[in-house]
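What follows is the residue order along each chain.
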Amino acid sequence: MSDVPGIELNNGTTIPQLGFGVFQIDPSDTAESVTTALDIGYRHIDTAQMYGNEAEVGEAIAKSSVPRDELWITTKCNNGNHGYDDSQRALDESLGKLGLDFVDLYLIHWPLPGKALYVDTWKGFEQAYADGKTRAIGVSNFQPHHLDRLKEETSTTPAINQVELHPQLQQAAVLAYDDRHGIATEAWSPIGQGKGLLDSPELAPIAEAHGKSAAQVVLRWHIQIGTIIFPKSVTPERVRENFDIFDFELTADEMETIKGMDRDRRLGPDPDKFER
Ligand code: NAD
């Protein structure tokens, strides 16, 4: 049995708060990595059309004995597939690759404001949801003003907004907007891609106090602030380590220390400027 909490979304579905992300996992390693994650107990997989490994995620799902209704599978509409028809056609292609009748969550990967198609794309998502091809619909890398446009011009509030979020980029404005509108926030690059963040001097004493790694401390911080996370690793020991975060709790002081690490430091592109 897994201790992973569920987060109830605004349409009544429940997503496991911890999952496994497969960005930058080579297609030749993906089926094995996902199988390892499922064996450890992960039940939520985050992929995307852009990652080029949906078919291999599907291979692992097909081989697994985990019942479909215990899995949460997210994919994302690629930047070349914006538009009412294209976003739906692309989901059909994803379902074919994943070997599924429906996904659990379909996200607009980037808003691409210059293309100005995200409202039409969202209307395509509403149709795909009505057709039962996805159990929830959401967006990724949306800033509050992009979400405002969806609110003004469409009738469905996204269930999820997936944004870059870690201790050095805490996204207070996005989190506040999402909370106010009943949108759950997913944090991509939750451990800051493992690089400088995990060596921050603030984390070492906290990790030592709990007998945990810096990565586990940061993942635990996410669990306690309520963000949904899916750290990526191809190393089985780390995949296991990243799952082992439910037997300790950070104190209010420790949470405050991590809150103080915010640097407004993006690792990825600025959503208002990214157009590819
Ligand atoms: P991450 O923060 O999960 O970091 C992953 C890296 O950290 C690994 O490559 C590894 O080098 C290291 N690592 C993993 N576990 C570790 C551990 N226990 N100890 C030390 N180092 C460890 O970054 P990510 O992969 O960029 O993000 C996670 C997931 O978020 C992706 O796989 C993808 O599913 C999603 N994502 C979405 C978007 C988006 O635009 N929507 C963008 C990037 C990532």
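Remember, it's a predicted structure, so these values are computed and weren't measured experimentally.

(A) Highlighting unusual backbone geometry. Phi is positive for Gln171, which is not a glycine, with a value near 55°. Secondary-structure assignment places Gln171 in the loop between strand 8 (160-164) and helix 6 (172-180). According to the relative accessible area criterion, Gln171 is buried, its value standing at 12%. Residue Ser189 is not a glycine yet carries a positive backbone phi of 50°. Here Ser189 lies in the loop between strand 9 (184-188) and helix 7 (203-210).

(B) Looking closely at the site of the ligand. Residues in close proximity to the ligand total 27 residues, the closest being Asp46, Ser140, Gln162, Ser189 and Asn242. Between the ligand and Val22 there is a distance of 3.3 Å, counted from an oxygen atom to a backbone nitrogen or oxygen. In the environment of the ligand, an oxygen atom lies 3.0 Å from a nitrogen or oxygen atom belonging to the side chain of Asn141. Out of a free accessible area of 830 Å², the ligand has 89% covered by protein chains. Looking at the shell around the ligand element by element, the count peaks at three residues for helix 9 (residues 236-243). Of the residues in the shell around the ligand, the class split is 11 nonpolar, 11 polar and five charged.

(C) Inspection of the sheet that holds strand 6 (residues 105-108) at higher detail. As summarised here, the arrangement of the eight strands in space is 3-4-5-6-7-8-9-10, forming an open sheet in which the pairing is parallel. The open sheet terminates on both sides in strands that have one partner only, identified here as strand 3 (20-21) and strand 10 (228-229).

(D) The arrangement of the pairing of strand 8 in detail. Of all five residues that make up strand 8, five are buried, and the element is covered over most of its length. Where strand 7 (residues 137-140) meets strand 8, two bridges bridge the pair, whose relative direction is parallel. Each bridged residue has a counterpart across the sheet, and for Ser140 the counterpart in strand 8 is Gln162. Between the parallel pair strand 7 and strand 8, the chain is carried across by helix 5 (residues 144-153), and the sense of this crossover is right-handed. For strand 8 and strand 9, the ladder comprises five bridges, and the chain directions are parallel. Looking across to strand 9, one finds that Glu164 is bridged to Trp188. Tracing the backbone out of strand 8, into helix 6 and back to the parallel element strand 9 gives a crossover that is right-handed.

Scoring rules and cut-offs
Residues take numbers from 1 onward in each chain, read along the sequence in its written order. Owing to the predicted nature of the model, reporting of local features is limited to residues with pLDDT of at least 70; listing and counting of side-chain atom pairs is limited to 80 or more, with chain, interface and lining totals taken over all residues. Values reported for side chains reflect all heavy atoms of the structure, with hydrogen atoms and water molecules removed beforehand. The helix and strand labels rest on DSSP assignments: H or I over at least four residues marks a helix, E over at least two residues marks a strand, and numbering proceeds from the N terminus. Only protein chains enter the accessibility calculation, which uses a 1.4 Å probe. A residue is then buried if its area is under 20% of the maximum for its type, exposed if over 50%, and partly exposed in between. Being near a molecule or strand, for a residue, means having at least one of its heavy atoms within 4 Å of it. Under this definition, polar contacts are N or O atom pairs within 3.5 Å; protein pairs additionally need one hydrogen-donor-capable and one acceptor-capable atom, and for neighbouring residues in sequence, both atoms have to be side-chain atoms. Shrake-Rupley sampling with a 1.4 Å probe provides the accessible areas, and residues are treated as covered by the protein chains on show and by no other component. Each residue is assigned to one of three groups, with Ala, Val, Leu, Ile, Met, Phe, Trp, Tyr, Cys and Pro labelled nonpolar, Asp, Glu, Lys and Arg labelled charged, and all others, Gly among them, labelled polar. Think of it this way: DSSP has to see at least two bridges between two strands before they count as a pair. The handedness rule is simple: strands pointing away from the viewer, and a clockwise path from the first strand over the helix to the second, make the crossover right-handed.

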